[in-house]
Amino acid sequence: LTGAPGTTIGGLSGSDGNQIRNNGNAVSLPFGAGIRIADSPNTQVLGNAIQSNEVGGIVASNAQSTTVRGNTIANNRGPGIDVQSASLVAIRQNSIFDNAGLGIDLP
C-alpha cells in the first residue's frame, strides 16, 4: 500500500477481515511483509489474520494517523508490527504472538 491515504484493510464486523499469509521468500526480501504501508496516512488495518510472512506482519513507514486494531498477528519471520517511521499510530486490541522479532518494534 503506497500513496493511498485513507485506505481501510479489513473490518471489524463479521467476516470483513482478510487472511494475509505466506508472503515473500528469501529471494523477494524486503518485500515479504504481510502488509506494507508507505506514504499512506489515515490507514486502518482492522480485524485481519496476518500470519507466516517472510519479513513481518505489518511494516509501516511514513504512515501518520494509522490505526491497527483487532488483528491476529502471528508466526511471522520478523516483528509482528514494525513501525519504521510514523506518528500518531494507534495499536489497540490486537493478538500478537510467536513472531521471530518483537511483537511491536518502534523506532
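You'll find the structure just up there.
What this report covers is the structure whose coordinates are included nearby. (Residues numbered from 1 in each chain as written. Predicted model: local features only at pLDDT ≥ 70, side-chain atom pairs only at ≥ 80, totals over all residues. Heavy atoms only, no water.)

## Structural notes on the overall build of the protein chain
A tally of regular secondary structure across the protein chain gives zero helices and twelve strands. Start at the N end of the protein chain and walk to the C end: the helices and strands fall as β-β-β-β-β-β-β-β-β-β-β-β. Relative to its length of 107 residues, the protein chain is compact, with a C-alpha radius of gyration of 12 Å against a globular reference of 13 Å. With respect to the principal axes defined by its C-alpha atoms, the protein chain has extents near 30 × 30 × 20 Å. Long-range contacts, defined as pairs at least 24 residues apart, comprise 45% of the intrachain contacts of the protein chain with a sequence gap of at least 6. Carbon and sulfur atoms make up 48% of the accessible area of the protein chain, which amounts to about 5300 Å² in all. Positive and negative charge centroids in the protein chain, built from 5 and 6 side chains respectively, lie 6 Å apart. (Helix = DSSP H or I, 4+ residues; strand = E, 2+ residues; numbered from the N terminus. Rg over C-alpha atoms; globule rule 2.2 N^0.38 Å. Contact = heavy atoms within 4.5 Å. Areas by Shrake-Rupley, 256 points an atom, 1.4 Å probe, with all protein chains shown as cover. Lys, Arg positive; Asp, Glu negative; His and termini not counted. Charge placed at Lys NZ, Arg CZ, Asp CG, Glu CD.)

## Here's the deal with the nonpolar core
Formed by 13 residues in total, the largest nonpolar core has its most connected members in I35, I37, V45, I50, I58 and I81. Looking at this core, the elements that each hand over two or more residues are β3 (33–38), β6 (56–61) and β9 (81–85). Excluding residues that lie within four positions of it along the chain, V45 makes contacts with I9, I35, I37, I50, I58, T67, V68, R69 and N71. (Core = buried A, V, L, I, M, F, W, Y, C linked by side-chain atoms within 4.5 Å. Buried < 20%, exposed > 50% of the residue type's maximum accessible area, 1.4 Å probe, protein only.)

## A few points about the pattern of salt bridges
Using the criterion set out here, one finds one salt bridge in the structure. As a salt-bridge pair, R77 and E54 come within 3.2 Å of each other at their nearest N and O atoms. Within this pair, whereas R77 is found in the loop between β8 (72–74) and β9, its partner E54 is found in the loop between β5 (49–51) and β6, the two being separated by 23 residues in sequence. By relative accessible area, R77 is classed as partly exposed at 43%. (Salt bridge = Lys/Arg side-chain N within 4 Å of Asp/Glu carboxyl O.)

## Observations regarding the sheet that holds strand β2 (residues 19–21)
Spatial strand order, β2-β5-β8-β11: four strands in an open sheet with parallel pairing. Sheet topology places β2 and β11 (95–97) at the edges, where each strand pairs with a single neighbour. In this sheet, adjacent strand axes meet at a mean angle of 5 degrees when their direction is disregarded. With three bridges connecting them, β2 and β5 associate as parallel partners. From the neighbouring strand, I20 faces β5, where its bridge partner is I50. (Pairing = 2+ DSSP bridges. Axes fitted to C-alpha atoms, helices over the stretch in contact; angles between N-to-C directions.)

## Topic: the sheet that holds β3
Taken in spatial order, the four strands make up an open sheet running β3-β6-β9-β12, and their pairing is parallel. Each edge of the sheet is formed by a strand with only one pairing partner; in this case those strands are β3 and β12 (104–105). Pairing of β9 with β12 involves two bridges; the strand directions are parallel. Residue pairing in the sheet places D82 in a bridge with D105 of β12.

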